[in-house]
Amino acid sequence: MTRARIGLAVLLIGALAAGLSFFRKEATVVSHRQARQLVLHYTLSGVEAPIILVGDSITEASTLPRALCGHPIVNAGLNGASTASDLGTWLVEALDGKRAASIVVSLGTNDALTARSTQAFEASYAALLGELAKVTDHLAVLAIPAIDVRGRVTAELQAEVMGRINDFNAVLPALAGKGGATFIALPPMPTPHTTDGVHLNAAGYAAWDEAILQGVSSICGTH
């Protein structure tokens with residue numbers, strides 16, 4: 001009887017360990033995002049009239065300056081975020097009645113990587129812009145950067161994902177217009193412009209940063 005109980009305990013421990021191993025990566029991502037959202041909540045509570053970048057891990061790792069013409073720049077990039085991540089509701093709550101000088105949305109890469117349809121992408125992006133319009137008079141939508149054949153991104157995967165990215169980028173200008181936002185195009189990217197096929201390298205960020213700063217510079221004359 002004792003041996004049977006010991007054997008059962010070993011099996012349960014093994015199953016638990018396997019389950020923990022399976023979920024560890026996802027749990028780490030969720031934990032990181034929750035911690036970052038908490039930090040951003042406190043950051044936003046301490047600034048006035050910020051320029052906010054809403055985006056995914058490409059935004060999170062960006063190299064933008066801390067301020068532009070007196071407006072603090074708050075990087076609200078969240079690893080794994082997509083247009084379906086309900087970031088609008090979260091940001092409105094985090095601002096807690098404050099207004100942003102400008103909000104730039106840089107999303108779409110994860111939508112493309114997870115094979116969302118253009119119709120679903122448009123619907124969730126429009127909903128996001130509707131939420132963000134409640135807290136700023138200056139919305140901007142950034143084009144989605146291309147991915148490289150690099151790292152784990154094979155030529156076949158790159159072709160598949162770029163088909164969706166091109167479809168998404170094709171609808172973004174009209175989508176931005178309907179949502180009262182300015183569309184910010186990206187310049188031609190250098191080759192290569194990523195570290196792993198998806199995330200930007202220094203040359204990629206140089207072009208990405210410049211596009212954003214030029215795109216939001218119009219608020220510098222606004223009082």
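Further up the page is the structure itself.
Definitions and cut-offs
- Residues numbered from 1 in each chain as written.
- Predicted model: local features only at pLDDT ≥ 70, side-chain atom pairs only at ≥ 80, totals over all residues.
- Heavy atoms only, no water.
- Axes fitted to C-alpha atoms, helices over the stretch in contact; angles between N-to-C directions.
- Helix = DSSP H or I, 4+ residues; strand = E, 2+ residues; numbered from the N terminus.
- Left-handed = near helix turned anticlockwise from the far one by under 90°.
- Contact = heavy atoms within 4.5 Å.
- Nonpolar A, V, L, I, M, F, W, Y, C, P; charged D, E, K, R; others polar.
- Buried < 20%, exposed > 50% of the residue type's maximum accessible area, 1.4 Å probe, protein only.
- Salt bridge = Lys/Arg side-chain N within 4 Å of Asp/Glu carboxyl O.

**Q** So what exactly am I meant to see when it comes to the packing of helix 5 (residues 118-132) against helix 6 (residues 155-178) here?
**A** The description of two packed helices rests on the angle between their axes and on the distance between the axes. Two elements in contact, helix 5 and helix 6, have axes separated by 11 Å at closest approach and are oriented at 35 degrees. In terms of crossing hand, the pair formed by helix 5 and helix 6 is right-handed. Of the residues in helix 6, those touching helix 5 at Thr118, Phe121, Glu122, Tyr125, Ala126 and Leu129 are Asp167, Phe168, Val171, Leu172, Leu175 and Ala176. Considered class by class, the residues forming the contact of helix 5 with helix 6 number nine nonpolar, one polar and two charged.

**Q** What exactly am I supposed to notice about unusual backbone geometry here?
**A** Most peptide bonds take the trans configuration, and most residues that are not glycine carry a negative phi. Following Thr191, the chain continues into Pro192 via a peptide bond in cis, with omega recorded as -5 degrees. You can see Pro192 is positioned in the loop between strand 6 (181-184) and helix 7 (202-216). One non-glycine residue with positive phi stands out, namely Ala49, at about 50 degrees. Its location among the elements puts Ala49 in the loop between helix 1 (2-45) and strand 1 (51-55). A relative accessible area of 30% means that Ala49 is categorised as partly exposed. For Cys69, which is not glycine, the phi dihedral falls at a positive 40 degrees.

**Q** Can you walk me through the pattern of salt bridges in this structure?
**A** Once the charged atoms of two side chains with opposite charge are near each other, the side chains can pair. Inspection of every chain in the model, using the stated rule, returns six salt bridges. Of the charged contacts in the structure, one is a salt bridge between Lys98 and Glu48, with a shortest N-O distance of 3.4 Å. Linking Lys98 in the loop between helix 3 (87-95) and strand 4 (102-106) with Glu48 in the loop between helix 1 and strand 1, this pair joins segments that are 50 residues apart in sequence. Assessed through its relative accessible area of 22%, Lys98 is described here as partly exposed. Taking the relative accessible area as the measure of exposure, Glu48 reaches 58% and is therefore exposed.

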